[in-house]
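Residue-level structural notes
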Amino acid sequence: MVTQSDMSGHRRTIAVFGAAGHTGRFIVTQLLRCGFAPLAIGRDSEKMAESGFQKSGVEIRSASIDDPASLDRSLAGAVAVINCAGPFLDTADAVAAAALRARIHYLDVTAEQPSAQATFDRFGDAATKAGVVVIPAMGFYGGFADLLATAAMGNWDSADEIRLGIALDSWHPTQGTRITGQRNTARRLVIDDGKFVPLAQPAPQTFWDFPEPFGRQDVSEIPFSEVPVIARHLRVARLRSYLNNAPLRDLRDSTTPPPIADDETGRSAQTFLVDVVVRNGSRTRRAIAQGRDIYAFTAPLVVEAVERILDGRARGNGALAPGETFDSTDFLRAIVPEYLTFELCAD
Ligand SMILES: NC(=O)c1ccc[n+]([C@@H]2O[C@H](COP(=O)([O-])OP(=O)(O)OC[C@H]3O[C@@H](n4cnc5c(N)ncnc54)[C@H](OP(=O)(O)O)[C@@H]3O)[C@@H](O)[C@H]2O)c1
């Protein structure tokens, strides 16, 4: 078990599985910025050698999900592993199992509902026993929506409805996003009467009045991993998630190029706005957040989570949703203003 009293350098060693991917690189950089020692792990030793990590003083290791011993070796010395190798339907099981054998914390950034649910189901007991935290879906899709919904709930212990609207000005998907979309063919789930039910097909269409600069947008109902994550700890009768149609058109167009760096940190010019409305009877509470580049933004989210787990700000251990692990409002305010604008309002 990782002890809070271990303040040696070892305590700051964080393994990143899938480190040479687009999201993995942002995470390694963010770990360095925050004073951690990242261990960059990938399945392809040549790619890892060419990654340039070593030039920045980052140790590289290779491991395969098909070879548990290689995973065990690759995690030696780390106190947590961040898995950013997707599809997580392929990788989460093997990497989380290796984390538990090593008795270290596990986080991933899955947007895939069945992967997040399977991680909760398979690793909850073992994580509690080992005294470590397992958090699937600590990325933009999934954990971020959960933190916002939990912050909007405030002191309500249940809600009649949570409606989540995401607006992106564009979506230039990475190869990993495209492969994950093809791999994740499971029928998406929403929540009705407090239970998981399949998303209606075809996906319901409506519009959403976002705050400026997006304004009114045509949206499709498209739930991601926030559904199993929110269901893990919030009592909500109905949960609905929407995404505006413009980025969905980008995603469905096979000629849309991958993201291109547009600032010195490598972020693309993509902007996002997430609007969460929680309702009880006729009363509503709302959380609104805006930022830039959903891939890059995933790095401060997951690294803030690691920081809080290691310094004792996680509430308990086991397989947990971000919103139950952390003080959501405090967490979100901690990444303002560098990565986010964030406001809470009530009627
Ligand atoms: N929840 C969110 O908001 C969020 C945010 C960002 C990313 N993601 C997800 O994170 C995943 C990665 O995205 P990305 O943008 O970083 O894509 P990417 O640039 O294509 O990188 C994918 C990485 O995963 C590795 N990988 C894939 N399958 C693997 C396997 N079976 N074993 C070992 N490594 C494997 C790849 O290794 P190779 O180079 O060897 O192929 C590469 O390092 C995707 O599933 C994406 O949907 C989610």
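Bear in mind the structure is a predicted one, so any value in this text is a computation, not a measurement.

What the domain assignment reports for the protein is domain 1 (4-139 + 299-325) and domain 2 (143-294 + 338-346). Once you take the C-alpha centre of each, domain 1 and domain 2 turn out to be 24 Å apart. At the interface, 27 residues of domain 1 touch 29 residues of domain 2. Across the domain 1 to domain 2 interface the summed buried area is about 2200 Å²; carbon plus sulfur atoms make up 61%. Between the two partners, domain 1 and domain 2, sit two salt bridges. Joining domain 1 to domain 2, the criterion identifies 12 residue pairs in polar contact (both at pLDDT 80 or more).

To continue, consider the packing of aromatic side chains. Summed over all chains, the structure comprises 13 aromatic pairs. Their ring planes at 25 degrees and their centres at 4.1 Å tell us that Y141 and F224 sit as a pair that is stacked. Within this pair, whereas Y141 is found in the loop between strand 6 (133-135) and helix 6 (143-153), its partner F224 is found in the loop between strand 11 (216-221) and helix 8 (226-233), the two being separated by 83 residues in sequence. Considered together, Y141 and F224 belong to a single accessibility category, that of buried residues.

The next subject is unusual backbone geometry. Following Q201, the chain continues to P202 via a peptide bond in cis, the omega torsion being -5 degrees. Cis peptide bonds are those with omega within 30 degrees of zero, and the linkage from E212 to P213 qualifies with 15 degrees. Relative to the elements of secondary structure, P213 occurs in the loop between strand 10 (205-209) and strand 11. For R103, which is not glycine, the phi dihedral falls at a positive 55 degrees. Within the secondary structure, R103 sits in the loop between helix 4 (88-102) and strand 5 (105-108). Here the phi dihedral of A137 falls at roughly 70 degrees; this positive angle occurs in a residue that is not glycine. Looking at the secondary structure, you find A137 in the loop between strand 6 and helix 6.

The rules we used
Residues numbered from 1 in each chain as written. Predicted model: local features only at pLDDT ≥ 70, side-chain atom pairs only at ≥ 80, totals over all residues. Heavy atoms only, no water. Domains from an automatic or database assignment. Contact = heavy atoms within 4.5 Å. Buried area = accessible area lost by both parts, 1.4 Å probe. Salt bridge = Lys/Arg side-chain N within 4 Å of Asp/Glu carboxyl O. Polar contact = N/O pair within 3.5 Å; in protein donor to acceptor, adjacent residues only side chain to side chain. Phe/Tyr/Trp six-rings, centres within 6.5 Å; stacked < 30°, edge-to-face > 60°. Helix = DSSP H or I, 4+ residues; strand = E, 2+ residues; numbered from the N terminus. Buried < 20%, exposed > 50% of the residue type's maximum accessible area, 1.4 Å probe, protein only.

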